[in-house]
Every structure is written in structure tokens, then in C-alpha cells.
Amino acid sequence: MDMYEQVIELAKRRGFLWNSFELYGGTAGFYDYGPLGSTLKRRIENIWRQLYVIEEGFMEIETPTIGIEEVFVASGHVGGFSDPLCECTECGEAYRADHLISGIIETADALSNEEVDKIILEHNITCPECGGKLGNATEFNLMFQTKIGPGSGRNGYLRPETAQGMFVNFQRLAKFYREKLPFGTTQIGKSYRNEISPRQGVIRLREFTQAEAEIFIDPSEKTHPEIARFENDVLTLYSQDAQKTGKPESMTIREAIDNNIIAHEFLAYQIALANNFLQRIGISPDKLRFRQHLKDEMAHYAIDCWDAEIWMERFGWVETVGIADRTDYDLMAHAKMSQEELAIYKEYDHPRMIRKFVVKPDMAKLGPLFRKKAKAVADELQKLDEESLSQEEISVIVEGEEYKIPSELITFEEVEEKVSGETVVPHVVEPSYGIDRIFYALMEHAFNTEKVASDDAEEEERTVLKLKSEVAPIQVAVLPLMGKTELSTPAKEIVRKLANRGILASYDESGTIGRRYRRNDEIGTPYAVTIDYDTLKDNTVTIRDRDTMKQVRTSIDTLENTLFELIHEKIRFEDAGVPL
RNA sequence: GCGCUGAUGGUCUAGUGGCUAUGACUGAGGCCUUCCAAGCCUUAAACCCGGGUUCGAAUCCCGGUCGGCGCACCA
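Residues numbered from 1 in each chain as written. Chains lettered and ligands numbered in written order. Predicted model: local features only at pLDDT ≥ 70, side-chain atom pairs only at ≥ 80, totals over all residues. Heavy atoms only, no water.

Draft legend 1. Representation of the sheet that holds strand β9 (residues 154-158) in the model. One open sheet accounts for 3 strands, arranged β4-β9-β8; its pairing is antiparallel. Edge strands, defined here as strands with exactly one partner in the open sheet, are β4 (66-68) and β8 (145-148). Across the sheet, the axes of successive neighbouring strands diverge by a mean angle of 45 degrees, strand direction being ignored. Here β8 pairs with β9 via 4 bridges, running antiparallel. Directly across from K147, in β9, lies its bridge partner N155. (Pairing = 2+ DSSP bridges. Helix = DSSP H or I, 4+ residues; strand = E, 2+ residues; numbered from the N terminus. Axes fitted to C-alpha atoms, helices over the stretch in contact; angles between N-to-C directions.)

Draft legend 2. Expanded view of the protein's contact with RNA strand B. Taken together, 37 residues form the shell around RNA strand B, and within it E9, R193, R199, Y517 and R519 come nearest. Within 4 Å of the protein, the atoms of RNA strand B are drawn from sugar and phosphate moieties in a proportion of 47%. In this structure, R204 approaches RNA strand B through a side-chain N or O atom, which is 3.2 Å from a base oxygen. At 2.8 Å from a base oxygen of RNA strand B is found a side-chain nitrogen or oxygen belonging to Q551. Mapped onto the surface near RNA strand B, the elements with two or more residues apiece are α1 (3-13), α18 (513-522) and β27 (540-545). Sort the elements by how many residues they give to the surface near RNA strand B and α18 lands first, with 7 residues. Its residues assigned to classes, the surface near RNA strand B shows 9 nonpolar, 13 polar and 15 charged. (Near = heavy atom within 4 Å. Polar contact = N/O pair within 3.5 Å; in protein donor to acceptor, adjacent residues only side chain to side chain. Nonpolar A, V, L, I, M, F, W, Y, C, P; charged D, E, K, R; others polar.)

Draft legend 3. Spotlight on the environment of L273. With respect to the helices and strands, L273 occurs in helix α11 (residues 265-281). A relative accessible area of 0% means that L273 is categorised as buried. Note: C-alpha distance between L273 and P431 (158 residues apart in sequence) is 9.6 Å. Filtering out sequence-adjacent residues up to four positions away, L273 remains in contact with L51, Y52, E56 and F230. (Buried < 20%, exposed > 50% of the residue type's maximum accessible area, 1.4 Å probe, protein only. Contact = heavy atoms within 4.5 Å.)

Draft legend 4. Structural view of the domain arrangement of chain A. Splitting chain A by domain gives domain 1 (3-81 + 142-329 + 429-436), domain 2 (82-140), domain 3 (354-420) and domain 4 (474-579). Averaged C-alpha coordinates put domain 3 and domain 4 at centres separated by 86 Å. (Domains from an automatic or database assignment.)

Draft legend 5. Summary view of the packing of helix α2 (residues 35-55) against α11. Between α2 and α11, the shortest axis-to-axis distance is 10 Å and the interhelical angle comes to 145 degrees. Crossing geometry of α2 relative to α11 is assigned as right-handed. The residues of α11 that touch α2, namely those facing I44, I47, W48, Q50, L51, Y52 and E55, are Q270, L273, A274, N276, F277, R280 and I281. Residues belonging to the contact of α2 with α11 are distributed by class as follows: 9 nonpolar, 3 polar and 2 charged. (Left-handed = near helix turned anticlockwise from the far one by under 90°.)

Draft legend 6. Region of interest: the pattern of salt bridges. In total, this model carries 38 salt bridges according to the counting rule given. The partner of R13 in a salt bridge is E9, and the shortest N-O contact between them spans 2.6 Å. Of this pair, R13 and E9 are both found in helix α1, 4 residues apart, which corresponds to roughly one turn of the helix. Exposure remark for E9: the relative accessible area of 30% places this residue in the partly exposed category. (Salt bridge = Lys/Arg side-chain N within 4 Å of Asp/Glu carboxyl O.)

Draft legend 7. Just a nonpolar patch on the surface, in detail. A grouping of L481, M482, Y533 and L536 is seen on the molecular surface, where their side chains present a nonpolar patch of about 320 Å² in accessible area. Topologically, M482 is positioned in the loop between β24 (476-480) and α17 (485-500). Exposure remark for M482: the relative accessible area of 38% places this residue in the partly exposed category. (Patch = residues over 30% accessible without salt bridge, like charges linked within 9 Å, V, L, I, M, F, W, Y side chains within 5 Å. Areas by Shrake-Rupley, 256 points an atom, 1.4 Å probe, with all protein chains shown as cover.)

Draft legend 8. Representation of the side chain of N520. Mapped onto the fold, N520 is located in helix α18. Owing to a relative accessible area of 7%, N520 belongs among the buried residues under this scheme. Not counting chain neighbours up to four residues away, the residues in contact with N520 comprise A477, L479, S506 and T525.

Draft legend 9. Examining α1 more closely. Inspection of α1 places Y4, V7, I8, L10 and A11 among the buried residues, and these make up the whole buried set. The buried residues of α1 occupy one face: seen down the axis, they fall within an arc of 160 degrees. Measuring from the side-chain oxygen of the N-cap residue of α1 to the backbone nitrogen of Y4 gives 3.2 Å; that N-cap residue is D2. Looking at the residues trailing α1, positive phi occurs at G15, about 85 degrees. (Arc of directions from axis to C-beta.)

Draft legend 10. Focus on the packing of α2 against helix α16 (residues 435-446). Running from amino to carboxyl end, α2 crosses α16 at an angle of 110 degrees, the nearest separation of the two axes being 11 Å. On the basis of their axis angle, the class for α2 and α16 is roughly perpendicular. Along the contact surface, α2 presents G37, L40, K41, I44 and E45, while α16 presents I435, D436, F439, L442 and M443. When its residues are assigned to classes, the contact of α2 with α16 shows 6 nonpolar, 1 polar and 3 charged. (Parallel < 35°, antiparallel > 145°, perpendicular 65-115°, else oblique.)

Draft legend 11. A look at unusual backbone geometry. The amide bond that connects L181 to the next residue, P182, takes the cis arrangement and shows omega of -5 degrees. In this model, N260 sits at a positive phi of 55 degrees, which is unusual for a non-glycine residue. Secondary-structure assignment places N260 in the loop between α10 (253-258) and α11. Given a relative accessible area of 62%, N260 falls into the exposed group. Here E569, not a glycine, exhibits a phi torsion of approximately 55 degrees, which is positive. By the secondary structure assignment, E569 is in the loop between α20 (559-567) and β29 (578-579).

Draft legend 12. Structural detail: the environment of Y192. Mapped onto the secondary structure, Y192 falls in strand β10 (residues 183-192). Using a relative accessible area of 12% as the deciding quantity, one classes Y192 as buried. Through-space distance from the C-alpha of Y192 to that of Q210 is 9.9 Å; in sequence the pair is 18 residues apart. In this structure Y192 touches T65, L142, F144, L158, R159, P160, R206, E207 and F208, once residues within four positions along its chain are discounted.

In C-alpha cells:
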């Protein structure tokens, strides 16, 4: 079994993760999170909230998973998130229709299916595989389509990303944040893509969880006031240049900014934040790198884009987070589609006096004179400079026709105007996390098998999920040394006390103590509390550390606080009690 | 979507026309047991789905589903 199989086997067996609809044979691209998996996933999401919502102040919102057509026309997903496919009528092989004709016509991807069919017919293009006749081009859109309402209804799509729900709420959000840049908003939720052929288990899903932040910033102000927090963090960066030599480089965030490796400070801050998050939840730093998108790989509107890539044994380097400066593309696209202004008014620190040349045509006279053309003529007049306007008779050309305007109908002057601000379409910096991929990576990085000495001198193997205590689904196992009433009663009291403190504890009295330790090792429970006969005498218990298997003895009275501090890494294990 | 390949208790697996389906681990109940998967007893649990061939199909054939690999695809 390779690493992937071992991890997936454990995940299935112990209730983390499995293929959905197994009862009916399963369906590719869908996975269920079991009792431990859901808990682990939620803990990952909550740490994400801690960083993005609580620490960064990007409040979370929740928008529908179904979107209307306009939204995805504006975002480009209706037109661009699909591929025209051509199937061979003989052998059944499917091809990208636009690829087939790209040698004949340059703008192949801009053609309609009918135009594509015509070109294929005209140039007598046949199946590259068997030479058979090609069928008509059909659109395969990666979005799940549905109808809203009964009958013919209106088209709806399951969202392919959570981002659009935040862009379309720009005006309300801007008001909420009292129209001051920068501000950000986040959303954790499901997105859907009808993948043609999803494989690789949880790495490519048809329904998946995204955690996205949309941060709206001033295009002229891409520094970050808190950059000092991360300046000295060392990251593995695989820049465009580094990719030419194939060697990722380690450097501090400060170096990356100063050497213009990352486009700007604000983006650098977001990359550092992602690095911080991934390591905090337990991604191994040596299996993490940030790879810059190559020029041709980046969306045309993006200034810079970096993927957090995580090493997984079977899949290699896998994209788990994308962090991009998307400029004003999304807001402009929705502004155009909706005919609404998606911008904020940015007040200057000090009002500026601007000298301005103003032309004032006398519309009361211009109107009757030129009738329907009056507006166009006036617009043309605005474009003229002082010299042209000083003529006896001023002429402008509108729709190829010359109009002569007597100078007395026009006045002009240079005025000084006070301008206190300007309208700005913010740029968007977007970190976009694929939670399911991160979830799997976390399990794989935590997965360990190690030899342990056993009684009969034979070496045994134990499986340990070395999850960070902060993300481990079960936080404490409470185990009476034996299943006797005198031990089980105080043990159950401890479970109750821990529950009241918000600690998820499990109770287990079946089989030997060793077996129960192993069971908990396998699901990553970081601490085990054992109640023995000494407990009855002196009110103390032992706490066992999962990774070292060492134990300390500590008092029951302060147990829930001791464990809470251990779980949240406020104290060291050796200081949690008297070492045994 | 194409080609190759596989699918047996919860997990891993033996069996390849005669089945009442092998074994291990795990689970449950009990005995024993004073800290790392010990032992003993009891017990639960499976042939991916649909068709065909055959007296008889888990086994052979066809189709589907799911997994793996290669190709294509991967905002």
C-alpha cells in the first residue's frame, strides 16, 4: 500500500472520510466527511476564521450556492468556463473542438459551435486518432445548471466558486465598512464543478469546500501597515524566474518584496498569512512551497498570482491555495453587466485645487439651432481648446458633417475648482483555499507508523496520526485503567467536567489500556487521561502524551484547565504535572 | 470521454464453473488483567449492480457503476 492508500484506508475505517453514496455503488467526485472528519474539518475552518475573520477583520458572509445567469455571464463562467467538445462518430474519442481548428483560425475559442462545425466541414477535419467523421461541437460547461422556479423558469447555476457572491454584494459591503478602503469579506462554503473526469479522490471533487477572502484595496496603495508581523518569516518561493532553473528558493518576506519577486507588499502579506495558517494547522514546512503563476498561466487581468502547493506522496505538488491580485476586473465586469457603479469615493487627505478649463455653450440657443444634434455638438465643443474657441466662428464635425457655431453662443474660462476626492474602483486581492485538499494533506502529513518495543521483545508497529492538538477531532481520551465501577465512576465525572469546559473527550473502558491508547493514537487524540487506583487515594490522574507516550501525574481539580492549556499549546507537556 | 486493469465481511485478503465462501485484523459481550494492540470463551459481519450462457455463476460473457494506471480534460 502506498501512503495514499494507507491514509484513505484509515480515513474510511475510523470515520474521517469516504466516497459518497457507497450504498448505491458510489459516484465519482463526491465524498462524505464522517464523524471525525467533519470535526477535523470544522476545526481547520475555525482556525481559518480565527486568522481571517477575527485577526484580519474580514467579516464572514453567506450567499446562495445557486446563482442566477447574469452573475456568471458577468464573471465569464457562462462563456469561458466551458469547452466545446467534438466527438468522433467512429471511435468515440472526444476532442476540444477549438484545439482541432486552432491551426486554421486564430480566434478559435471565440467562435460559436455552429461556426466551429462549419470550419470543420469546410476544411475536412477528421478524427486525429482514427480518421473518422467528427460529430457536431457541443458545449460542455463545467457548471451544474438548473432551473429556478417551475416551468421554463430562469436559468440558475450551482456556483463554481464562492467569490462571486461577495463581488455582487460589493455596494452593501462597502456601506457596512463605511466606504473606507481597504476592507475585506470572507465566505466558507460549498462550490460545484461538473468535472469531466474527476479522479484522485478528494483532490478533485465535483462538490467541494472553499474558504475565500475578497479584499478590496486602493489601487494606488498596495502597501500593508502590518507587514512587520511577517517580514522575517522564511518561505519557500518558486518564482517565475526560479521555475526556469527548477530550484525554489528560501527567503524572507522582506527579501521577496525588496527584490520585486512578489508584485507588492499587500500581496506578500497575504502569502505570508497563508503560510502562517497552513503551518499552524500542521502542514509540514518542508512540504510546502509558494509557486508563482507563469505569465501565460495567469488570467489576463491578474497582476500576480501565487499558489500554495503542498507535497503529497501520490500526487506530487498540489495547488491548495491561490492568492491573486485580480485588479478591478471582477467589479468592472459586474458594473458593466448591472449598469451600476461599483466603486467608492475616496476622499483626499487635503482637498486639491484643480485648474480646469470650462466650456459653457448656451444651450438655450444651441438647442433650437441644431435640434437633435445639439447635444452632440455641445459635446464636441467641450473637447476644444482655448485657441479654437477664440475664433469668430467655431466649427465642429459631428457624424461627418460640419457645424458652424457663432462665438457669442459660447463662453469659456479657466476656473479653479476644489476637488475633495475621487471615485476609485478597488482592486481585489483574493486568497482562495481548497479546504478538502488541505484536509487530506493534513492527514497525510500527520500519518506516521513507528516501531515500538513491546513486552516479548518483539517489535510492534503503531500507527499515529500526529495531528496538531488544536485540530485533532477528539481532544482527550478518558480511560479507567480497568472497567471496574470504582474507576469508571470518577472517569465519567472527568468526561463531564471536560465537556463543560468545551473539550471534546471520549470515554473508553473496553479491553486493555494499551489497546485503548493505540486506538486513540490512530485517530490523533493528543492526550489520554488514565484513572487508576492511586486516583482514589490522592485525587490525581496521569496524562499521556500521544507523540512521546510519556506520562505526567497531575491533580484532578485543575485537570480541565491543564488540558485546555495543553491543547492550545499554552504550556509544555513536561510542565503539566509530575513526570513519571 | 477513450484504452488497459481491478472490485469478496468494517479493513486487508483466499478461492477462478459444484459453496454450506478462507483467513487475519477490527467490532460487540464475557472471563482475566494495577499503564502501551497479551491470553481465553462467545458472537456479529461479505461475493459491486443489471442482463446473458449453463442443470448449476462469486467464478465465464455483455452492459453499467466505482477504484487504479495511461491518453484527453483540469476555471
